[in-house]
Amino acid sequence: MNEREKLLDQYSGRVFKNRKDHIVQLEADGVPQEIAANSRSVPGLMINRGCCYAGCKGVVLGPLKDVVVLTHGPIGCGYYSWGTRRNKARSDSEGKSFIQYCFSTDLQEPDIVFGGEKKLKQAIQEIMEIFAPKCIMICSTCPVGLIGDDIHAVANWAKATYGIACVAYSCEGYKGVSQSAGHHIANNGLMKNIIGTSGAKRDKKFAVNMLGEYNIGGDGWEVERLLKLIGYEVVSIFTGDGSYEQIKNAHTANLNLVQCHRSINYIAEMMKKKYGIDWIKVNFIGIGETMRSLREMAVYFDDEGLRQRTEEVIAAELADIEETREAYRAKLHGHTAGIFVGGSRSHHYQNLLADFGIKTVIAGYEFAHRDDYEGREVLSGIKPDADSKNIEELTIEPDDQYYHLTLNKERFDALQQKIDIEKYEGMFRDMGNGTVTVDDFNHYETEKLIELFEPDIFYSGIKDKYMIQKSGTPSRQLHSYDYSGPYAGFRGAVNFARDTYMSIFTPAWKYLTPPWNTRPTLEGIIGGGENA
């Protein structure tokens, strides 16, 4: 049996039937195979997914610094999504940043019985008195959807009463199959209510939006530094260190840069239809990928001066890290790794690991869709199911005032043959023969794959990090970088190599004997005996 078969061998017939299509062992380097994705998890398995609310509030909206994101629901939901990621932000021009706060209506049992709209209004009144934000976003959790509070009516009341922007998101946790549904809902809300509302017009030649960059550990700042050195103007970032004031102007960009494909591709596609803004898939995680992304941007704008500055910046950045880069590559070359995280990170970090000679042998996503694995060409063959239909699909028409194509069709078609313009080829094409990919991985599958492949290091999320370490494998978590970073760009790549080196060559966990290996964790007596 190969590793995939050994992994599935322990399952019951019912679970085997469900999981077999979610686990793929690649048969040839860089050749996609079909995988099942974006479907509901098997009840009872210890998975690593988040809910719809987590995707909307926790991932996409939470990093906005000048927006009060108010959770309408029990306090546990708000607390769950507060401080779980390191989305760094600098205060705006007025000295305001709200991301360090946890705003919640703290619904209690009487509110569930009699309704929570009154309490929601009261919370908004208090927010305006204390913080006076220009924008409030309301995110509902499961109980609110069940009792039927009209959060959209309350948002309209707040707009009329205080003259602010107030947007409500019906992102109850049970919607969709994972946090991916919440990403889509957040994208829709930003598109309908915020983007393009400033009245500004395009007036910059090299203006870009950075989509799907959440400034974890300062990644967004490092990318922005590189872009500004070359000569780009970053209009807005969705949404790390991002702001309501910036996103209102997003329609004035000439190009959208998509970093995390899964969380933000919806906005990229809608902005193309409404404003004519093209998008390209970039990746600023990894030295080789950062160079590719910067060069493809220069190809898109077709400006000789921009090309020259791009090469000058690349050369200077490489020279700056050359000695340290080679030192870490010499120590890390030949090691193996596993990666199980969300977003596009399981793909992006394979490129960064390869920069230092580390081979990824197992990888997986928490909440991906098939195109994240196989590439966007499979989209036309995916049939929407009931869960997909649960998410609103906006009908987008070209904007009469702001629609403007940067490239004509002839130039666009020619560029599609050269760069990743409105194209994403997926993770499989960068994976090797024999490697295993798992969609919606769970606790058992993680343990079993580590046993089968024995990777030197494992990158994961916060939920499974300590289980992995206690089993003897060094682990670093890529949702908040274990309080390190940034990992983006050239300097970030060296930071990542340093942290990886410290983890692999300080194998403290290998000297630990887990208690479950020496004593039982559960004891009992079989019923029916004389001692029962």
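Small disclaimer: the values here were computed from a predicted structure and weren't measured.

**A closer look at the overall build of the chain**
Move 1: A tally of regular secondary structure across the chain gives 21 helices and 14 strands.
Move 2: A compact globule built from 532 residues should have a C-alpha radius of gyration of about 24 Å, and the chain, at 24 Å, falls within 12% of that.
Move 3: For the chain, the C-alpha atoms occupy an extent of roughly 80 × 65 × 45 Å along the three principal directions.
Move 4: The 532 residues of the chain split such that 56% are buried.
Move 5: Considering only contacts in the chain between residues 6 or more positions apart, those separated by 24 or more positions represent 76%.

**What about the sheet that holds strand S1 (residues 23–25)?**
Where strands meet in a sheet, backbone hydrogen bonds hold them as pairs that are either parallel or antiparallel.
Move 1: With mixed pairing, the six strands of this open sheet are ordered in space as S1-S12-S11-S10-S13-S14. Two strands bound the open sheet, and with one partner strand each, they are S1 and strand S14 (475–477). This sheet shows a mean twist of 15° between the axes of neighbouring strands, independent of strand direction.
Move 2: Across the sheet, helix H19 (residues 443–453) touches S1, strand S10 (336–341), strand S11 (359–365), strand S12 (436–439) and strand S13 (457–460), and the angle it forms with S12 is around 175°.
Move 3: The sheet contacts of helix H21 (residues 489–504) involve S13 and S14, and relative to S13 the element is tilted by about 125°.

**Considering the sheet that holds strand S5 (residues 165–169)**
Move 1: The strand order across the open sheet formed by four strands is S3-S2-S4-S5, and the pairing between neighbours is parallel. Two strands in the sheet have a free side with no partner beyond their single neighbour: strand S3 (103–104) and S5.
Move 2: The pairing of strand S2 (residues 67–72) with S3 spans two bridges and is parallel. Note that in S3 the partner of Leu 70 across the bridge is Phe 103.
Move 3: Docked against the sheet, helix H8 (residues 151–162) engages S2, strand S4 (135–140) and S5, running at close to 175° with respect to S5.
Move 4: Most of the contacts of helix H9 (residues 179–193) go to S5, to which it runs at about 150°, and overall it touches S4 and S5.

**Examining the domain arrangement of the chain**
Move 1: Per the domain assignment, the segments of the chain are domain 1 (52–173) and domain 2 (207–321 + 375–418).
Move 2: Summarising the inter-unit geometry, the C-alpha centres of domain 1 and domain 2 are found 28 Å apart.
Move 3: Counting residues at the interface gives 16 residues for domain 1, matched by 15 residues for domain 2.
Move 4: Taken together, the links from domain 1 to domain 2 amount to 10 residue pairs in polar contact (both at pLDDT 80 or more).
Move 5: Class assignment of the residues belonging to the side of domain 1 that touches domain 2 gives a composition of eight nonpolar, one polar and seven charged.

**Examining the side chain of Lys 281**
Move 1: Topologically, Lys 281 is positioned in strand S9 (residues 278–281).
Move 2: An unpaired buried charge is present at Lys 281: no salt bridge exists, and Glu 289, the closest side chain of opposite charge, is 6.6 Å distant.
Move 3: One polar contact links the side chain of Lys 281 to the main-chain carbonyl oxygen of Gln 259, over a distance of 2.9 Å.
Move 4: A distance of 3.0 Å separates a polar atom in the side chain of Lys 281 from a polar atom in the side chain of His 348.
Move 5: Contact partners of Lys 281, with chain neighbours within four places excluded, come to Val 258, Gln 259, His 261, Arg 292, His 348, Asp 420, Lys 423 and Tyr 424.

**Looking at the environment of Met 128**
Move 1: Residue position: Met 128 is located in helix H6 (residues 117–130).
Move 2: The spacing of Met 128 and Val 31 is 97 residues in sequence and 54 Å in space, taken between C-alpha atoms.
Move 3: Setting aside residues no more than four positions away along its own chain, Met 128 makes contact with Pro 133, Ile 136, Tyr 162 and Ile 164.

**Considerations on the pattern of salt bridges**
Move 1: Considering all chains together, one arrives at 39 salt bridges under this definition.
Move 2: With a closest N to O distance of 2.8 Å, Asp 372 and Arg 262 form a salt bridge. One end of the pair, Asp 372, is in helix H16 (residues 370–374); the other, Arg 262, is in helix H12 (residues 261–275), and 110 residues separate them in sequence. The two residues Asp 372 and Arg 262 agree in class, both being buried.
Move 3: For Lys 465, the salt bridge goes to Asp 482, with nearest N and O atoms at 3.2 Å. Placement of the pair is Lys 465 in helix H20 (residues 465–470) and Asp 482 in the loop between S14 and H21, with a sequence separation of 17 residues.

**A closer look at the packing of helix H14 (residues 304–332) against H21**
Move 1: Contact pair H14 / H21: the axes reach a minimum separation of 9 Å and the direction vectors enclose 15°. Our classification of the angle between H14 and H21 gives roughly parallel. Remark: the crossing between H14 and H21 carries left-handed chirality. Residues Ile 314, Glu 317, Leu 318, Asp 320, Ile 321, Thr 324, Tyr 328, Lys 331 and Leu 332 of H14 pack against Phe 490, Arg 491, Val 494, Ala 497, Arg 498, Thr 500, Tyr 501 and Ile 504 of H21.

Criteria and cut-off values
- Residues numbered from 1 in each chain as written.
- Predicted model: local features only at pLDDT ≥ 70, side-chain atom pairs only at ≥ 80, totals over all residues.
- Heavy atoms only, no water.
- Helix = DSSP H or I, 4+ residues; strand = E, 2+ residues; numbered from the N terminus.
- Rg over C-alpha atoms; globule rule 2.2 N^0.38 Å.
- Buried < 20%, exposed > 50% of the residue type's maximum accessible area, 1.4 Å probe, protein only.
- Contact = heavy atoms within 4.5 Å.
- Pairing = 2+ DSSP bridges.
- Axes fitted to C-alpha atoms, helices over the stretch in contact; angles between N-to-C directions.
- Domains from an automatic or database assignment.
- Polar contact = N/O pair within 3.5 Å; in protein donor to acceptor, adjacent residues only side chain to side chain.
- Nonpolar A, V, L, I, M, F, W, Y, C, P; charged D, E, K, R; others polar.
- Lys, Arg positive; Asp, Glu negative; His and termini not counted.
- Salt bridge = Lys/Arg side-chain N within 4 Å of Asp/Glu carboxyl O.
- Parallel < 35°, antiparallel > 145°, perpendicular 65-115°, else oblique.
- Left-handed = near helix turned anticlockwise from the far one by under 90°.

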